[in-house]
Amino acid sequence: MPRDLSPRLAAFVEALPLKPGLRVLEIGCGPGVAARAVARRIGGGHVLAIDRSARAIAQAMAGSAAELASGHLTFRHVAIEDFELENGERPYDIAFAVRVGALDGRHPEAGRIARQQLRRALGKGGRLYIDGGDPLCEVSLDD
């Protein structure tokens, strides 16, 4: 199970506007390597990493014992199209996704639903970043 970031993913994480205390949502976390890297960079903040694959979530959790124990990283098995804030869950400041078809244009209808869910999940001024830029690009959630 990968624990280290690839150079491409490391550049993506480095380019995110991270600072201590942020609440960050990763969409399509796979084995959790980016989520762990982001959790280390935001100090007392929190990362919620989601994936539609139960297997990916199991792998991510298995490789994240220390980060999970700290309380600064959690995982949830859910597709972005079905994502909703849980009762009492505060909105997120930043969301990011790498190679997620619902957000990179490969699945337009899923993308419409995903953006709708993200508008609810991100706080005022919340921002969404995806891969495809150099190394990332910001996506507007406006329709």
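For the structure, see preceding data.
As the structure is a computational prediction, the values presented were derived from the model and not from experiment.

**Remarks on the overall build of the protein**
Step number 1: If you tally the helices and strands in the protein, you get 5 helices and 6 strands.
Step number 2: Listing every helix and strand of the protein by position from the N terminus yields α-β-α-β-α-α-β-β-α-β-β.
Step number 3: Relative to the globule expectation of 15 Å for 143 residues, the C-alpha radius of gyration of the protein, 14 Å, shows essentially globular dimensions.
Step number 4: Out of the 143 residues in the protein, the part that is buried amounts to 47%.

**Section: the environment of Cys 137**
Step number 1: When you line up the elements, Cys 137 lands in strand E6 (residues 136-139).
Step number 2: Here the alpha-carbon distance between Cys 137 and Glu 89, two residues 48 residues apart in the chain, equals 27 Å.
Step number 3: In this structure, Cys 137 is in contact with Leu 128, Tyr 129, Ile 130 and Asp 131, ignoring residues within four places of it in sequence.

**Things to note about helix H2 (residues 33-41)**
Step number 1: Summarising burial for H2: 7 of the 9 residues are buried, a large majority.
Step number 2: Where H2 is concerned, the buried positions are Val 33, Ala 34, Ala 35, Arg 36, Ala 37, Val 38 and Ala 39.
Step number 3: Backbone geometry just after H2 places Gly 43 at a positive phi near 50°.

**Let's talk about the packing of helix H1 (residues 7-15) against H2**
Step number 1: In the contact formed by H1 and H2, the axes pass within 10 Å of each other and the chain directions differ by 35°. For the pair H1 and H2, the crossing hand works out as right-handed. Of the residues in H2, those in contact with Leu 9, Val 13 and Glu 14 of H1 are Val 33, Ala 34, Ala 37, Val 38 and Arg 41.
Step number 2: A breakdown of the residues in the contact of H1 with H2 according to their chemical character gives 6 nonpolar, no polar and 2 charged.

**Looking at the pattern of salt bridges**
Step number 1: Using the criterion set out here, one finds 9 salt bridges in the structure.
Step number 2: A salt bridge links Glu 81 to Arg 52; the nearest nitrogen and oxygen atoms lie 2.7 Å apart. Note that Glu 81 is positioned in the loop between strand E3 (73-77) and strand E4 (92-97) and Arg 52 in the loop between strand E2 (46-51) and helix H3 (54-62), a separation of 29 residues in sequence.
Step number 3: We classify Glu 81 as buried; its relative accessible area is 17%.
Step number 4: For Arg 52, a relative accessible area of 53% corresponds to the exposed category.
Step number 5: Between Glu 89 and Arg 76 there is a salt bridge, with the nearest N and O atoms lying 3.1 Å from each other.

**Comments concerning the nonpolar core**
Step number 1: Grouped together as the largest cluster of nonpolar side chains are 26 residues, with contacts concentrated most on Leu 18, Val 24 and Val 38.
Step number 2: Those elements giving two or more residues to this core turn out to be H1, H2, E2, H3, E3 and E4.
Step number 3: Element by element, the count of residues in this core is highest for H2, at 6 residues.
Step number 4: Residues within four places of Leu 18 in sequence aside, it is in contact with Val 13, Val 24, Val 38, Arg 41, Ile 42 and Ile 94.

**Thoughts on the sheet that holds E4**
Step number 1: With mixed pairing, 6 strands are arranged side by side in an open sheet as E3-E2-E1-E4-E5-E6. Strand pairing shows two members of the sheet lacking a second neighbour, E3 and E6, which therefore form its edges. Each strand axis lies, on average, 25° off the axis of its neighbour in the sheet, ignoring direction.
Step number 2: In this sheet, E3 lies alongside E2 in parallel orientation, the contact comprising 5 bridges. Residue pairing for E3: Leu 48 is matched across the bridge by Thr 74.
Step number 3: Sitting on the sheet, H1 is in contact with E4, strand E5 (122-131) and E6, with an inclination near 155° to E5.
Step number 4: In the packing of helix H5 (residues 108-121) onto the sheet, the strands contacted are strand E1 (23-27), E4 and E5, and the crossing angle to E5 comes to about 140°.

The rules behind these values
- Residues numbered from 1 in each chain as written.
- Predicted model: local features only at pLDDT ≥ 70, side-chain atom pairs only at ≥ 80, totals over all residues.
- Heavy atoms only, no water.
- Helix = DSSP H or I, 4+ residues; strand = E, 2+ residues; numbered from the N terminus.
- Rg over C-alpha atoms; globule rule 2.2 N^0.38 Å.
- Buried < 20%, exposed > 50% of the residue type's maximum accessible area, 1.4 Å probe, protein only.
- Contact = heavy atoms within 4.5 Å.
- Axes fitted to C-alpha atoms, helices over the stretch in contact; angles between N-to-C directions.
- Left-handed = near helix turned anticlockwise from the far one by under 90°.
- Nonpolar A, V, L, I, M, F, W, Y, C, P; charged D, E, K, R; others polar.
- Salt bridge = Lys/Arg side-chain N within 4 Å of Asp/Glu carboxyl O.
- Core = buried A, V, L, I, M, F, W, Y, C linked by side-chain atoms within 4.5 Å.
- Pairing = 2+ DSSP bridges.

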